[in-house]
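Listed below, chain by chain, are the residues.
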Amino acid sequence: MPKHSPMRIHLEPERRTNLLQAIKEYFAAEFEDPLSDFRAQALLDFFIRELGPPVYNQGVRDASQFIMAKLGDIEGEIYEPGR
């Protein structure tokens, strides 16, 4: 894989290695068909390219909604009534 991938989502080398191993183990167990390193890398790149952005964007939306809900009630959370 090139050092600078055109994909915007980048995995740390250790995480990538672990994911590749998991993909290979899954294919061997589920399909009784070992997957080559090359095919596992291509499959991981496909998942990152096709699933990464929508999953990432959903996480951003969920976090944003959570923060907005907390900010919407910030006065109720921190307001100190006077006498």
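The rules behind these values
- Residues numbered from 1 in each chain as written.
- Predicted model: local features only at pLDDT ≥ 70, side-chain atom pairs only at ≥ 80, totals over all residues.
- Heavy atoms only, no water.
- Core = buried A, V, L, I, M, F, W, Y, C linked by side-chain atoms within 4.5 Å.
- Buried < 20%, exposed > 50% of the residue type's maximum accessible area, 1.4 Å probe, protein only.
- Helix = DSSP H or I, 4+ residues; strand = E, 2+ residues; numbered from the N terminus.
- Contact = heavy atoms within 4.5 Å.
- Salt bridge = Lys/Arg side-chain N within 4 Å of Asp/Glu carboxyl O.

**Regarding the nonpolar core**
Taken as a class, soluble globular proteins show a tendency for nonpolar side chains to be buried jointly.
Thinking step 1. Counting 6 residues, the largest nonpolar core is built from Leu20, Ile23, Leu35, Ala40, Leu44 and Ile48.
Thinking step 2. For this core, the secondary-structure elements that each account for two or more residues are α1 (13-31) and α2 (37-72).
Thinking step 3. Considering each element in turn, this core owes the most residues, 3 residues, to α2.
Thinking step 4. Residues contacting Ala40, with those up to four places away along its chain left out, are Leu20, Ile23, Lys24 and Leu35.

**Focus on the pattern of salt bridges**
Thinking step 1. A full pass over the atoms with the stated rule returns 3 salt bridges.
Thinking step 2. Of the charged contacts, one joins Asp37 and Lys24 as a salt bridge, the two residues approaching to 2.3 Å between their closest N and O atoms. Taken together, the residues Asp37 in helix α2 and Lys24 in helix α1 connect sequence positions 13 residues apart.
Thinking step 3. Note that Arg49 and Glu50 form a salt bridge whose closest N and O atoms lie 3.9 Å from each other.
Thinking step 4. Taking relative accessible area as the criterion, Arg49 reaches 45% and is therefore assigned partly exposed.

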